[in-house]
Amino acid sequence: MLPGAAVEPSRLAAYAGVCGFEAAGPLPITYPHVLGFPLAMRLMAGRGFPLPLPGLVHTRIAITRHRGIGPDDRPEISVHAAGLRPHRRGTEGTSVTEVRLDGELVWESDSTYLSRHARHPGAAGPPGAGTADTPSCGPSAERDAGRGVTAAPAPDDGPAAGTPPPDDGPPADSPAGDGPQRTVREDDGPAESTPAPEERARWRLDADLGRRYGAASGDGNPIHLYAATARAFGFPRAIAHGMWTFARCLAERDPRELRRAEGVFKAPVLLPGTVVHAGGRTDRAGGVFELRGTDGESRVHLTGRTATSARPS
């Protein structure tokens, strides 16, 4: 537990700048994840955590903001593990972060992480396991063995969660896309009944994006910093942080009004590169979004849903 977490104005300003949020007003909806990140890494690196930290892949995240948190507030932050579940590629675990002000729960998130390993024949998970519709799943190490967020370790935290195993790096022609991630099933995106998101913008991502976001967020995973350090983990170039892709998309969607946001990380975004941000609405209170490539196949890196009520429709 971290009592009285303080927000550094300069770091918050850098985070807002690199992600596209407004600098003034309540904290960005994703910023409590940054405040709780050191605790989450400590949890996942501890002996009591049931999955090995090296190679963990952040597959999805779900955030609920019950009310805004001001930059001068001093919230209490706690992180705990919330169980395991079988996955067709290994085992998923959930890391839950809770933020309280004066004892009131004001923000919470579930981060799902995948630990890949061989499974016995017939040991597939239950129907729907590992899909975007699964709430509260696993710690988020943003590696994207198919989903894209990479929760790298703090500078001296050792191997970052989300680092792909040596034999799992993306092909050399992987399109620009979010933090380490692997291809996932079709059912990991928004429900089929939702309208297809329409292109809203194209973003050119510079080679130093990972270093800028890493400095602002405290996530110094080497796969995001330089091509040379990323190649050691099987990537042809540095990849964007999965949580940056998620935050950048949310910054385009009336971020002060959002109460709920979910993201599924699908494929890595190589740096430098160009990505397409697409969005659509499900109803007056909800919407869907994607981050995809500009190549002919339009590879999808991230899918998500948002709502201005407690849960997306």
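All of the points below concern the structure found in this document. (Residues numbered from 1 in each chain as written. Predicted model: local features only at pLDDT ≥ 70, side-chain atom pairs only at ≥ 80, totals over all residues. Heavy atoms only, no water.)

## So, the nonpolar core
The condition that has to hold: As used here, the term nonpolar core means buried Ala, Val, Leu, Ile, Met, Phe, Trp, Tyr and Cys residues forming a set that is joined through side-chain atoms within 4.5 Å. Throughout, exposure labels follow a simple rule: accessible area from a 1.4 Å probe, protein chains only, divided by the maximum for the residue type, with under 20% read as buried, over 50% as exposed, and the rest as partly exposed.
Y15, C19, Y31, M44, L205, W244 and F246 are the most contacted members of the largest nonpolar core, which has 54 residues in total. By size, the runner-up hydrophobic cluster in this structure holds 5 residues, among which are I223, F235, I239 and L270.

## Some points on unusual backbone geometry
Residues other than glycine predominantly adopt negative phi, and peptide bonds predominantly adopt the trans conformation. Heads up, the condition is: Every helix listed is a DSSP run of H or I at least four residues long, and every strand listed is a run of E at least two residues long, numbered separately from the N terminus.
Going from L271 to P272, the amide bond is cis rather than trans, its omega being -5°. Mapped onto the elements, P272 comes out in the loop between strand 6 (260-265) and strand 7 (273-281). Located in the positive-phi region is D102, a residue other than glycine, with phi close to 50°. Looking at where D102 falls in the secondary structure, it is placed in the loop between strand 3 (90-101) and strand 4 (104-116). By relative accessible area, D102 is classed as exposed at 86%. Of note, D254 is a non-glycine position whose phi angle comes to about 50°, a positive value. What makes D254 exposed here is its relative accessible area of 53%.

## So, the packing of aromatic side chains
The line we're drawing: Ring geometry is summarised as follows: Phe, Tyr and Trp rings, the Trp one being its six-membered ring, pair when their centres sit within 6.5 Å, and such pairs are stacked at plane angles under 30 degrees, edge-to-face over 60 and tilted between the two.
Tallied over the entire structure, the rule returns 5 aromatic pairs. Between F246 and F265, the aromatic rings sit 6.5 Å apart at their centres with planes inclined by 80°, giving edge-to-face as the arrangement. You can see F246 sitting in helix 5 (residues 242-250) and its partner F265 sitting in strand 6, a full 19 residues away along the chain. Geometrically, the ring pair formed by F246 and F289 is tilted, given 6.3 Å between the ring centres and 40° between the ring planes. Of the two residues, F246 is situated in helix 5 and F289 in strand 8 (residues 286-293); the sequence distance between them amounts to 43 residues.

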